[in-house]
Amino acid sequence: MRDFDYIRPATIPDAIAAAAEPGSAYLAGGTNLLDLMKGGIASPERIVDISRLPELNRIERLDDGGLRIGALVRNADLAHDAAFAKAYPAVAEALLSGASAQLRNAATVGGNLLQRTRCSYFYDTASACNKREPGAGCDALGGENRLHAVLGWSDACIATHPSDFCVPLVALDAVVEIEGKEGRRHVTLAEFHRLPGETPQRENALEPGDLIVAVRLPAEAASFAANARYLKVRERTSYAFAVVSAAAALVVDGGKIRAARLALGGVAAKPWRARSAEAVLLGADANEATFASAANAALADASPSGDNAFKIELARRIVVRALTSALAGTPERLPALPASPFSSAPGARHDA
Amino acid sequence: MTSLPITLTINGHRHELEVDPRVTLLDLLRERLDLTGTKKGCDRGQCGACTVLVDGKRINSCLALAVSHDGADVLTIEGVAHGEELHPVQAAFIAHDGFQCGFCTPGQIMSTLGLIAEGQAGDDPERIREGLSGNICRCAAYGGIVEAVLEAQEKLATADRRAAA
């Protein structure tokens, strides 16, 4: 690991001023940044340790019924907050399906939004990667790419965003609260992450020095609590990134869908909000035929970026299954393996 | 970069140290303090061999800068037993053949202590398996570990009930 200066600012303005200098990187939980630094993928000259900044580790109920989650709240603490899990069960389910208990105890809400892709060519500094080194080319194209993007990819980059947490968040219209040199601003999570286009190295809406201070959920997000699920499929039942995942949330009245939210993970460079599928769902009968139509709409623009055509059909089936699970109702207690496709009932065994 | 002063409480003992900011908690424990029970496996947060409790919570010490944990309370495998008396989790690992080789076992035991403290697994074997899935080993002791966790939890709960009575 190359040498770096270490700064632990006491205030948010001090942190922003320090991080605005070229070569700076914020450190919070460190679970992704230190991994990248050990691999030589990131080599900041200055670490700005924000892990002790005051007032960023709170979960606050807002007067308008919304929720404000401080950027330094740990993933495990958020998922195990009983009131949070009750109001936003799909978000808790996504958090608990991510990484391992050790990592969830350290990783933060803000850091989760900024975690880098797990594309193996990005991680291998001997490979060409436009994201790591703009203009270098992309060895994932034509390489081992069965887990790469099927939506929103470009010839410059076919990597996917690895977050589970962001998938239900984008479905529930989460907003990122950012403090920068020009003051505070709000960006919807849907607009926060960028598609690769010709500039895959630019992954989000942050400018130098910008600090994520909180993630907000609007009041309406809690209205889906009774029928919301996150379904993640991966190559083993725990501690792996998603091959495909889906967050589905419904409001159903008299068999009709009164409100619907759907987002996919593991399919694109950003958490993928499926608005065309939501349009199919809205006002329709809540049944499997509707869910199949929604799944087709969600993947209508999908195309393989390599050996990953299977992900398109897999994603369709995951959408149907997530919607079916959401319709069945949120379980009182999340299953032992919250993301396992085999777990549908509280405390279900994955081999049952 | 010059070294920075930090204070850590490790297994109940206070240490005042000067550390290069690049030093991880794992390397500090092993290389500076000779607490080699905590193991360096993958060194990238993937295997769990370096698991320690920091302020009561289990983390991967390989992905923790020591300087960032200034003031923390750290428990390592060396601080788990009471003198010659094994902790119930350690005893249960022996009783149920949950020992892997010395490389993975300390992390498994520290992770088990964290799992029990978190109170999320209860007596559900599937939750225990999920809760310990950050500790990866191929030595096939997993079945014994689940039995050990179930027994240790019961013993600790009984001890708690006696203490409360």
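Residues numbered from 1 in each chain as written. Chains lettered and ligands numbered in written order. Predicted model: local features only at pLDDT ≥ 70, side-chain atom pairs only at ≥ 80, totals over all residues. Heavy atoms only, no water.

## A look at the sheet that holds strand β8 (residues 211-217) of chain A
Residues and elements named next belong to chain A.
Right, on to step 1. Pairing is antiparallel in the open sheet, where five strands are placed in the order β4-β5-β8-β6-β7. Looking along the sheet, the strands with just one partner apiece sit at the ends: β4 (59-61) and β7 (183-188). Adjacent strand axes in the sheet meet at a mean angle of 25°, parallel and antiparallel pairs treated alike.
Right, on to step 2. The pairing of strand β6 (residues 175-180) with β8 spans five bridges and is antiparallel. In the sheet register, Val176 faces β8, and the bridge partner there is Val215. (Pairing = 2+ DSSP bridges. Helix = DSSP H or I, 4+ residues; strand = E, 2+ residues; numbered from the N terminus. Axes fitted to C-alpha atoms, helices over the stretch in contact; angles between N-to-C directions.)

## A look at the domain arrangement of chain A
All names here are of chain A.
Right, on to step 1. What the domain assignment reports for chain A is domain 1 (54-115 + 160-221) and domain 2 (222-328).
Right, on to step 2. Placing a centre on the C-alpha atoms of domain 1 and another on those of domain 2 gives a separation of 20 Å.
Right, on to step 3. With 33 residues of domain 1 in contact, the opposing surface of domain 2 contributes 30 residues.
Right, on to step 4. Regarding the contact of domain 1 and domain 2, the summed buried area is about 2500 Å², with carbon and sulfur atoms giving 58% of it.
Right, on to step 5. When the buried area of domain 1 at its contact with domain 2 is split by residue, Glu93, Val167 and Ala171 rank highest and sum to 20% of it.
Right, on to step 6. Summed over the shared surface of domain 1 and domain 2, the number is five salt bridges.
Right, on to step 7. For Arg229, the salt bridge goes to Glu93, with nearest N and O atoms at 2.6 Å.
Right, on to step 8. Counting across the domain 1 and domain 2 interface gives 18 residue pairs in polar contact (both at pLDDT 80 or more).
Right, on to step 9. Of all the elements in the fold, those that place two or more residues in the side of domain 1 that touches domain 2 are α4 (82-87), α5 (89-97) and α9 (166-171). (Domains from an automatic or database assignment. Contact = heavy atoms within 4.5 Å. Buried area = accessible area lost by both parts, 1.4 Å probe. Salt bridge = Lys/Arg side-chain N within 4 Å of Asp/Glu carboxyl O. Polar contact = N/O pair within 3.5 Å; in protein donor to acceptor, adjacent residues only side chain to side chain.)

## Remarks on the environment of Ala190 of chain A
Residues and elements named next belong to chain A.
Right, on to step 1. On the secondary structure map, Ala190 appears in helix α10 (residues 189-192).
Right, on to step 2. Residue Ala190 is classed as partly exposed on the basis of its relative accessible area of 23%.
Right, on to step 3. When the C-alpha positions of Ala190 and Trp272 are compared, they lie 7.9 Å apart, and in sequence the two are 82 residues distant.
Right, on to step 4. Non-local contacts of Ala190, meaning those with residues more than four positions away in its chain, are made with Val170, Lys270 and Arg275. (Buried < 20%, exposed > 50% of the residue type's maximum accessible area, 1.4 Å probe, protein only.)

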